[in-house]
Amino acid sequence: MKTYIVGNWKMNFTVGESSIYLHKLLKRIKPAKGMQIVVAPSPVALQPLSLQTDRKKIRISAQNCWGRDFGAYTGETAIAQLKGIVDYCIIGHSERRHIFGETDKMTKEKVAACIRNGITPILCIGETESERTFGETADVLRDQIVAGLSDVSKEDLKKVIIAYEPVWAISSVKGAKLASPDDIAQSVELIRKYLKSTYGKEAEEIPILFGGSVNPSNAGAYLTIPGVNGLLIGGASLIADQFNDIIEVAKRVRA
Ligand code: PEP
């Protein structure tokens, strides 16, 4: 299975800044076998960056989309409109769920829209601090997987990526804590178990990424957790040097 290193730039950088960043990264990155590097810029930068990138080195992801292919949805972007521009789309990020009130139904529709349009959804799941405190982690992960993938057939399952992002470990969340490798291993095992119980053997092919305050110093430890197939990186992906250092760590760990 490939190792995915995905940078989520969130609502940062102008189009010009995004382009300079990509230019810098493209110059540094040497394509490595079995490694997929992806960046997720703001919507305004998606098209220019898709024209600028070298897809053998870096693929482009959207950070969100709408679940219908066209229609009266003011302010939204259909993934159908991003065909040929992006290869991936982050779906159900905790900021979408908790700041913008995205529901499981929306997440399910967005995942289905991605599959329908040939774009790989990166479905984010993860428990909040209070859900963790009340021992609800397992239920939350199961519910988010079941809901998010409920319209995905067994044949399409290999087109999905899951990102486990405990909300309490995301660097921009107040009082964020580092997740321990044991915490992550337990959750990743649960996620794989739910996937297998629903889809059977096919579930082994789904990459599971980890995200939550990843930086060049802890990336190696996170990547060696059994069952972790890559990283989704927020804050540290905003600095090209740090993102590149994480890529170098991943190359060493996977060599
Ligand atoms: C994220 O928001 O997806 C994320 C993982 O952010 P950070 O790496 O900053 O914790």
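Refer to the structure printed above.
Residues numbered from 1 in each chain as written. Predicted model: local features only at pLDDT ≥ 70, side-chain atom pairs only at ≥ 80, totals over all residues. Heavy atoms only, no water.

### Some details on the overall build of the protein
Argument step 1. Across its full length, the protein holds nine helices and eight strands.
Argument step 2. A compact globule built from 255 residues would reach a C-alpha radius of gyration of about 18 Å, and the protein, at 17 Å, matches this within 12%.
Argument step 3. Taking the principal axes of the C-alpha coordinates as reference, the protein spans close to 45 × 45 × 35 Å.
Argument step 4. Counting every position in the protein, which comprises 255 residues, the buried fraction comes to 51%.
Argument step 5. Excluding contacts between residues fewer than 6 apart, the proportion of contacts in the protein whose partners are at least 24 apart in sequence is 71%.
Argument step 6. Surface exposure of the protein reaches about 11700 Å², of which carbon and sulfur atoms provide 53%.
Argument step 7. Of the charged side chains in the protein, 33 are positive and 28 negative, and the gap between their average positions amounts to 7 Å. (Helix = DSSP H or I, 4+ residues; strand = E, 2+ residues; numbered from the N terminus. Rg over C-alpha atoms; globule rule 2.2 N^0.38 Å. Buried < 20%, exposed > 50% of the residue type's maximum accessible area, 1.4 Å probe, protein only. Contact = heavy atoms within 4.5 Å. Areas by Shrake-Rupley, 256 points an atom, 1.4 Å probe, with all protein chains shown as cover. Lys, Arg positive; Asp, Glu negative; His and termini not counted. Charge placed at Lys NZ, Arg CZ, Asp CG, Glu CD.)

### A word on the pairing of strand 4 (residues 88–91)
Argument step 1. Burial of the side chains of strand 4 extends over both faces: Tyr88 and Ile90 are buried on one face and Cys89 and Ile91 on the other.
Argument step 2. Here four bridges tie strand 4 to strand 5 (residues 120–125), and the two strands are oriented parallel to one another. Directly across from Ile91, in strand 5, lies its bridge partner Leu123. (Pairing = 2+ DSSP bridges.)

### A short note on the layout of surface pockets
Argument step 1. The computed volume of the largest pocket comes to approximately 570 Å³.
Argument step 2. Forming the walls of the largest pocket are 20 residues, and the residues nearest its centre are Pro43, Gln63, Asn64, Arg96 and Phe100.
Argument step 3. Within the residue set of the lining of the largest pocket, elements represented by two or more residues are helix 2 (43–52) and helix 3 (94–98).
Argument step 4. Its residues assigned to classes, the lining of the largest pocket comprises nine nonpolar, seven polar and four charged.
Argument step 5. For the second largest pocket, the calculated volume is near 230 Å³. (1 Å grid on protein atoms, 1.4 Å probe; cavity = no way out; pocket = protein on both sides within 12 Å on 5 of 7 lines; lining within 4 Å. Points joined across faces, edges and corners; volume = space filled by probe spheres on them. Nonpolar A, V, L, I, M, F, W, Y, C, P; charged D, E, K, R; others polar.)

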